[in-house]
Amino acid sequence: MNGEDWRELALAQRLGQLRARGLERRRRCVESYERDGSGVEARIDGRQLLSFSGNDYLGLARHPDVVAAFAAAARRVGVGSGASHLVTGHHCEHHALEEALAAYTGRERAVLFSTGYMANLAVGTTLASRGDLVLADRLNHASLLDAGRLSGARFERFVHGDAAAAERLLAERTEGNALVLTDGVFSMDGDVAPLAALASACRRQRAWLAVDDAHGLGVLGSTGRGSLEQAGATSEDVPVLIGTLGKAFGTFGAFVAGSAALVELLVQRARTYIFTTALPPAVAAAARTAVALAAAEPWRRERLREHVARFRAGCSSLGLPLGESATPIQPLVLGSNEAALLASARLLERGILAAAIRPPSVPEGTARLRITFSAAHAATDVERLLEALAALPHPAPA
Ligand SMILES: *Cc1c(COP(=O)(O)O)cnc(C)c1O
């Protein structure tokens with residue numbers, strides 16, 4: 001075998017294994033948005049589809065004001081930021097967005113990151129290191145797990161949603177700092193973390209609590225301030241809040257909000273902040289407009305709640321095994337990868353896109369349709385989805 005062949009063979013073998021296990025993923029090309037351009041109906045791989053697989057919960061990704069803010073800023077300052085934040089890449093648009101996010105979340109300061117993944121790595125590696133303890137909920141987003149691992153601290157996972165389990169692990173520590181990491185809303189299940197209980201455990205055990213509210217901010221709570229607002233948790237309870245801009249705020253990027261000293265330490269020390277190019281300032285301008293719209297237009301959250309209620313009532317009368325979730329993330333757990341792929345394919349035949357989510361995004365044996373709603377959906381869209389689910393050949397086993 002010559003020099004190149006063994007490499008190609010090794011790669012082909014690994015790809016073949018994924019295919020055999022039903023784990024091969026395929027990317028779909030979104031060609032254009034149809035109907036009113038709101039984004040829920042799109043031409044994808046040549047087909048007209050109604051999508052229930054996005055994270056644009058408030059329907060802001062294509063909002064005319066958000067697009068206009070983006071275009072105007074791009075005309076003014078161009079596209080690339082030109083450098084990292086600490087060199088010459090920090091523009092006034094970034095700064096204005098950070099101030100808006102601090103105000104929105106009720107914190108002293110906020111600092112922008114290019115992605116939520118990087119924001120989480122920054123929190124893990126800045127607040128913990130060798131000799132410390134990092135705890136993470138088992139069902140946390142992959143980026144929080146990686147944050148714990150990369151920190152160099154002892155890293156342990158606790159039973160999903162179990163604050164008492166977390167506290168037992170915290171109580172065993174004899175030295176060093178401790179950091180507890182949790183999603184606010186779990187991204188594949190839609191359930192919420194027990195924030196009040198985690199906050200008390202962390203207070204008793206002198207541990208930091210960091211909450212990644214990628215799917216809660218803009219959506220949950222009486223004014224959309226997210227999981228913390230819904231749980232009545234203060235900045236004392238949760239000193240570190242991570243948010244993303246690519247979900248309910250319909251744009252791109254992420255941030256960490258907290259005390260002035262926490263944010264300053266991240267700016268000074270976080271490698272995923274220091275060693276990367278700043279976001280395009282026009283993205284920051286667009287995100288600032290989106291945050292203002294999210295705050296000013298409560299009807300978007302109201303409509304989301306109506307869709308979720310309509311969907312859950314419909315599934316309940318169809319006897320479908322929906323997970324316990326009151327958020328716009330509604331999981332229909334089907335078990336095997338094949339079952340999830342088959343259900344997704346059947347819906348696709350009826351023009352509906354509900355992606356099959358498989359390991360490693362979810363634990364083995366819990367493949368599912370992850371159905372999400374947006375304020376851009378109409379009530380008739382939800383009805384269409386329910387009709388398509390009703391027509392699935394075998395109602396999924398509970
Ligand atoms: C999407 C997501 C992230 C990553 O955010 P990006 O900005 O897309 O990198 C982090 N945490 C959670 C819980 C998420 O759902």
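Residues numbered from 1 in each chain as written. Predicted model: local features only at pLDDT ≥ 70, side-chain atom pairs only at ≥ 80, totals over all residues. Heavy atoms only, no water.

Section: the site of the ligand
Lining the immediate environment of the ligand, one finds 13 residues, of which Gly116, Tyr117, Asp212, His215 and Lys247 sit closest. His141 is positioned such that a nitrogen or oxygen atom in its side chain is 3.5 Å from a nitrogen atom of the ligand. Residue His215 places a side-chain N or O atom 2.5 Å away from an oxygen atom belonging to the ligand. Isolated, the ligand exposes 380 Å² of accessible area, and the fraction of that covered by the protein chains is 83%. Among the elements that make up the shell around the ligand, the one with the highest residue count is helix α5 (residues 116-127) (3 residues). (Near = heavy atom within 4 Å. Polar contact = N/O pair within 3.5 Å; in protein donor to acceptor, adjacent residues only side chain to side chain. Areas by Shrake-Rupley, 256 points an atom, 1.4 Å probe, with all protein chains shown as cover. Helix = DSSP H or I, 4+ residues; strand = E, 2+ residues; numbered from the N terminus.)

Thoughts on the domain arrangement of the protein chain
Partitioning the protein chain into domains gives domain 1 (26-58 + 298-390) and domain 2 (64-296). A separation of 26 Å is found between the C-alpha centroids of domain 1 and domain 2. At the junction of the two partners, domain 1 supplies 21 residues and domain 2 supplies 23 residues. Carbon and sulfur atoms make up 58% of the surface buried where domain 1 meets domain 2, a total of about 1,600 Å² over both sides. The largest contributions to the domain 1 side of the interface with domain 2 come from Leu58, Arg301 and Thr327, which together make up 32% of the buried area. The residue Arg368 makes a salt bridge to Asp189 at a minimum N-O spacing of 3.0 Å. Remark: the boundary between domain 1 and domain 2 carries 7 residue pairs in polar contact (both at pLDDT 80 or more). When residues of the side of domain 1 that touches domain 2 are traced back to their parent elements, those giving at least two are α13 (299-318), β11 (329-335) and β14 (367-372). With 3 residues, α13 is the largest single contributor of residues to the side of domain 1 that touches domain 2. Residues that form the side of domain 1 that touches domain 2 fall into these classes: 11 nonpolar, 4 polar and 6 charged. (Domains from an automatic or database assignment. Contact = heavy atoms within 4.5 Å. Buried area = accessible area lost by both parts, 1.4 Å probe. Salt bridge = Lys/Arg side-chain N within 4 Å of Asp/Glu carboxyl O. Nonpolar A, V, L, I, M, F, W, Y, C, P; charged D, E, K, R; others polar.)

Quick notes on the side chain of Thr272
Tracing the sequence through the fold places Thr272 in helix α11 (residues 271-274). A polar side-chain atom of Thr272 sits 2.8 Å from the main-chain carbonyl oxygen of Met118. Filtering out sequence-adjacent residues up to four positions away, Thr272 remains in contact with Phe113, Met118, Leu121 and Ala122.

Here's the deal with helix α12 (residues 281-296)
In an α-helix, one full turn covers 3.6 residues, which means residues spaced three or four apart are oriented alike. Taking 1.5 Å as the rise per residue, α12 with 16 residues should run 22 Å; its terminal C-alpha atoms sit 23 Å apart, in good agreement. Every buried residue of α12 is accounted for by Pro281, Ala282, Val283, Ala284, Ala285, Ala286, Ala287, Ala290, Val291, Leu293 and Ala294. Packing partners of the buried residues in α12 comprise α2 (64-77), α4 (92-105) and α13. (Expected span 1.5 Å × (residues − 1). Buried < 20%, exposed > 50% of the residue type's maximum accessible area, 1.4 Å probe, protein only.)

Quick word on the pattern of salt bridges
Summed over the entire model, instances satisfying the criterion amount to 17 salt bridges. For Arg19, the salt bridge identified is with Glu24, shortest N-O distance 3.0 Å. As a salt-bridge pair, Glu31 and Arg43 come within 3.7 Å of each other at their nearest N and O atoms. Linking Glu31 in strand β1 (residues 30-33) with Arg43 in strand β2 (residues 41-44), this pair joins segments that are 12 residues apart in sequence. Because the salt bridges share partners, they merge into one network encompassing Arg76, Glu93 and Arg288.

Some points on the side chain of Asp56
Its location among the elements puts Asp56 in the loop between β3 (47-51) and α2. There is a polar contact of 3.2 Å between the side chain of Asp56 and the backbone nitrogen of Ala61. For Asp56, the contacting residues outside a window of four places in its chain are Ser38, Ala61, Arg62, Lys247, Gly250 and Ser374.

Quick look at the packing of α2 against α12
Helix packing for two helices is described by the angle between their axes and how far apart those axes are. At a closest axis distance of 8 Å, the pairing of α2 and α12 adopts a crossing angle of 155 degrees. In terms of their interaxial angle, α2 and α12 are classed as roughly antiparallel. Classified by chirality, the crossing of α12 by α2 is right-handed. Every residue of α12 that contacts α2 at Asp65, Val66, Ala69, Phe70, Ala73, Ala74 and Val77 is listed here: Pro281, Ala282, Val283, Ala285, Ala286, Thr289, Ala290 and Leu293. Looking at the contact of α2 with α12 residue by residue, the class counts come to 13 nonpolar, 1 polar and 1 charged. (Axes fitted to C-alpha atoms, helices over the stretch in contact; angles between N-to-C directions. Parallel < 35°, antiparallel > 145°, perpendicular 65-115°, else oblique. Left-handed = near helix turned anticlockwise from the far one by under 90°.)

A word on the pairing of β3
Both faces of the sheet carry side chains from a regular strand, because those side chains alternate between them. Of the pairings in the sheet, the one linking β2 to β3 comprises 4 bridges and is antiparallel in character. Its bridge partner being in β3, Ile44 is matched across the sheet by Arg47. A loop of 2 residues connects β2 with β3, the two strands running antiparallel in sequence, and Asp45 in this loop sits at a positive phi of about 50 degrees. For β3 and strand β12 (residues 352-353), the ladder comprises 2 bridges, and the chain directions are parallel. Across the sheet, residue Ser51 finds its bridge partner in β12, namely Leu353. (Pairing = 2+ DSSP bridges.)

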